[in-house]
Amino acid sequence: MRVKYMTPDDLAAIIKSSKTPNKDYCIIDVRDDDWNGGNIKGSQNSPSSGFSLKVTQVVEDTKDVPLVVFHCALSQVRGPKAARLYAETRDLLQAEGEDIPHEVMILRGGFSDFQAKFRKDPELVENWDAEVWASQWAI
């Protein structure tokens, strides 16, 4: 399966739609210690440092979800790598007839771009901490 990118606006529209998190879609945040300071509402943190060891469990937990979106801080390395590993593992289930049709996507620009646009919207971002972002990233 080819992994595609999704814009922050597209993800925001899905979150604000009538779709149900962890049923119609799920968001997997693979940031490690940089997860502190805010996250996309309803996302699951599965740190990249151990993702390869638990990818099978993540696939098992989400095999009934038709859309799985991955991201890290910038979605340049960790998010895309985890998405590809997840897609390959999940494709094995589908080949064995144990999966539903699904899409695996990567959030373009990662949490950095998402929070820059939506950090003030509590329907989209939770646990946002200005002090963390001021020290790690220019906001």
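Everything discussed here concerns the structure shown above.
Reference entry: report on the structure contained in this document.

The rules behind the values
- Residues numbered from 1 in each chain as written.
- Predicted model: local features only at pLDDT ≥ 70, side-chain atom pairs only at ≥ 80, totals over all residues.
- Heavy atoms only, no water.
- Salt bridge = Lys/Arg side-chain N within 4 Å of Asp/Glu carboxyl O.
- Helix = DSSP H or I, 4+ residues; strand = E, 2+ residues; numbered from the N terminus.
- Buried < 20%, exposed > 50% of the residue type's maximum accessible area, 1.4 Å probe, protein only.

## A word on the pattern of salt bridges
At step 1: Considering all chains together, one arrives at 6 salt bridges under this definition.
At step 2: For R78, the salt bridge identified is with D32, shortest N-O distance 3.2 Å. With R78 in helix α3 (residues 78-95) and D32 in the loop between β2 (26-29) and β3 (39-40), the pair connects residues that are 46 residues apart, well separated along the chain.
At step 3: R78 gets classed as partly exposed once you look at its relative accessible area, which sits at 23%.
At step 4: Take D32: its relative accessible area is 21%, and that puts it in the partly exposed class.
At step 5: The partner of R78 in a salt bridge is D34, with the nearest N and O atoms 2.7 Å apart. You can see R78 sitting in helix α3 and its partner D34 sitting in the loop between β2 and β3, a full 44 residues away along the chain.
At step 6: Connected via shared salt-bridge partners are D32, D34 and R78.

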